[in-house]
Amino acid sequence: MKRIVILTGAGISAESGLGTFRDVGGLWSQYDLEEVATPQGFARNPALVHDFYNARRANMLDAAPNAAHAALARLEAEYPGEVLLVTQNVDDLHERAGSKNVLHMHGALSGAVCAACDHRWPAPRAMDPAAPCPACTAPRARPDIVWFGEMPFHMDEIGHALARADLFVSIGTSGEVYPAAGFVDEARACGVETLEINLEPSLVPGLFDRVIAGPATQAVPDWVAEVLA
Ligand code: OAD
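Fair warning: this is a prediction, and the values are worked out from it, not measured in the lab. (Residues numbered from 1 in each chain as written. Predicted model: local features only at pLDDT ≥ 70, side-chain atom pairs only at ≥ 80, totals over all residues. Heavy atoms only, no water.)

### So, the nonpolar core
Ile6, Leu72, Val169, Ile197, Val220 and Trp223 are the most contacted members of the largest nonpolar core, which has 22 residues in total. When residues of this core are traced back to their parent elements, those giving at least two are strand E1 (3-8), helix H5 (67-78), strand E2 (82-87), strand E7 (167-171), strand E8 (193-198) and helix H9 (216-228). Here this core gets five residues from one element, more than from any other, and that element is H9. When neighbours within four sequence positions are excluded, Leu72 is seen to be in contact with Ile6, Thr8, Ile12, Leu85, His94, Ser99, Ile171, Val220, Trp223 and Val224. Among the nonpolar cores identified, the runner-up in size contains 17 residues, and Leu7, Leu162, Phe183 and Phe208 belong to it. (Core = buried A, V, L, I, M, F, W, Y, C linked by side-chain atoms within 4.5 Å. Buried < 20%, exposed > 50% of the residue type's maximum accessible area, 1.4 Å probe, protein only. Helix = DSSP H or I, 4+ residues; strand = E, 2+ residues; numbered from the N terminus. Contact = heavy atoms within 4.5 Å.)

See the structure below:
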């Protein structure tokens, strides 16, 4: 194996105490996605959207990376080939565990962006909807997060990496949100071997060449040890 592309979702951070979206009791059973994770919801009620992401950011800052994040950082450091980590997660637990080659396709809670002029700056723990943009002074700060209906970041780079990968690994994602949900098909179409690591195997049987079922904090370190052995 020379090049590994890894996609992570909320399941990898679940055992760090961050909520997933679609599991029983998940975030989308507590909040209306249309109101907190769309540009239209933000236009209707910026304060509600900031409250939602301020709570996510506080949760993230109070959490710590777990053994699965640490194992992926170890893989990047010790694997003789290339390891690219593509995450749908907006938390920074991969970076805090030591991963460096990380693409946040859905943005990051650590960032703020001005909806008026696109200026970006580090987000404070609690963003204030009325705070002026440091560049243009418009009171239009939003978290630097990709909402439903918006184009995810780094899509060209991810597409190139998938096409030239030897192995694609999907970890802790329900595979319900596109375009990330389509990466396994893109990889297979290019002859790339595919592996899923998830609490429960993906709903579509045979979608991946191999499936490892189990909690990320056990399954991911075990798999990394296997690759590095
Ligand atoms: P989901 O909540 O849809 O899926 C989480 C997945 O993690 C499920 O398949 C669970 O079985 C699995 N899981 C839960 N606990 C686990 C554990 N301890 N170990 C391993 N797997 C576990 O979250 P995502 O697939 O990440 O986007 O959701 C994708 C996108 O939908 C998110 O990035 C977010 C959301 O709406 C936006 O907000 C734009």
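Okay, back to it.
### Side note on the packing of aromatic side chains
Going through the model one piece at a time under the given rule, you end up with six aromatic pairs. For the pair Phe42 and Trp147, a centre-to-centre distance of 5.2 Å together with 40 degrees between the ring planes defines the contact as tilted. Placement of the pair is Phe42 in helix H3 (residues 39-44) and Trp147 in the loop between strand E6 (141-145) and helix H7 (155-163), with a sequence separation of 105 residues. Of the residues examined, Phe42 reaches a relative accessible area of 12% and is grouped as buried. Aromatic side chains Tyr53 and Trp147 sit 6.4 Å apart centroid to centroid with 40 degrees between the ring planes, which places their arrangement in the tilted category. Residue Tyr53 is located in helix H4 (residues 46-62), and its partner Trp147 is located in the loop between E6 and H7; the two are separated by 94 residues in the primary sequence. (Phe/Tyr/Trp six-rings, centres within 6.5 Å; stacked < 30°, edge-to-face > 60°.)

### Remarks on the site of the ligand
Close contacts around the ligand come from 23 residues, with Ala10, Phe21, Arg22, Thr173 and Ser174 the closest. Asn198 places a side-chain nitrogen or oxygen 3.0 Å from an oxygen atom of the ligand. Between the ligand and Leu199, the relevant distance is 3.2 Å, taken from a nitrogen atom to a main-chain nitrogen or oxygen of the residue. Alone, the ligand offers 800 Å² of accessible surface; in the complex the protein occludes 94% of this. Residue classes in the shell around the ligand are distributed as ten nonpolar, ten polar and three charged. Three or more residues apiece are contributed to the shell around the ligand by two domains, here domain 1 (1-17 + 65-106 + 152-229) and domain 2 (19-62 + 108-145). (Near = heavy atom within 4 Å. Polar contact = N/O pair within 3.5 Å; in protein donor to acceptor, adjacent residues only side chain to side chain. Areas by Shrake-Rupley, 256 points an atom, 1.4 Å probe, with all protein chains shown as cover. Nonpolar A, V, L, I, M, F, W, Y, C, P; charged D, E, K, R; others polar. Domains from an automatic or database assignment.)

### Looking at the state of the cysteines
One pass over the structure, following the stated rule, counts zero disulfides. Here Cys114 is not cross-linked by a disulfide; its sulfur's nearest cysteine counterpart is in Cys136, at 3.7 Å. Residue classification places Cys114 among the buried positions, given a relative accessible area of 0%. You can see Cys117 has no disulfide; the closest cysteine sulfur is in Cys136, sitting 3.7 Å from it. Residue Cys117 is classed as partly exposed on the basis of its relative accessible area, which comes to 36%. (Disulfide = S-S within 2.5 Å.)

### Let's talk about the sheet that holds strand E4 (residues 107-114)
Taken in spatial order, the three strands of this open sheet run E5-E4-E6, and their pairing is antiparallel. The open sheet terminates on both sides in strands that have one partner only, identified here as strand E5 (120-122) and E6. Pairs of neighbouring strands in the sheet enclose a mean axial angle of 45 degrees, with direction left out of account. Across the sheet, H4 touches E4 and E6, and the angle it forms with E6 is around 55 degrees. (Pairing = 2+ DSSP bridges. Axes fitted to C-alpha atoms, helices over the stretch in contact; angles between N-to-C directions.)

### What about H9?
Helical periodicity: at 3.6 residues per turn, an α-helix aligns residues three or four positions apart in one direction. An ideal rise of 1.5 Å per residue puts 18 Å on 13 residues; H9 measures up with 18 Å between its terminal C-alpha atoms. Residues Ala216, Ala219, Val220, Trp223 and Val224 constitute the buried set of H9. Relative to the axis of H9, the buried residues are bounded by an arc of 125 degrees and lie together on one face. Projecting away from the buried face of H9 at angles above 90 degrees are the exposed residues Gln218 and Asp222. (Expected span 1.5 Å × (residues − 1). Arc of directions from axis to C-beta.)

### Thoughts on the domain arrangement of the protein chain
Domain assignment breaks the protein chain into domain 1 (1-17 + 65-106 + 152-229) and domain 2 (19-62 + 108-145). Here domain 1 and domain 2 have C-alpha centroids that lie 25 Å from each other. Contacts between the two partners involve 13 residues from domain 1, matched on the other side by twelve residues from domain 2. At the boundary of domain 1 with domain 2, total buried surface from both sides reaches about 980 Å², with 61% on carbon and sulfur atoms. Looking only at domain 1, the three residues that lose the most surface to domain 2 are Ala10, Val90 and Phe153, adding up to 38% of its buried area. For the pair domain 1 and domain 2, the number of links is zero salt bridges. (Buried area = accessible area lost by both parts, 1.4 Å probe. Salt bridge = Lys/Arg side-chain N within 4 Å of Asp/Glu carboxyl O.)

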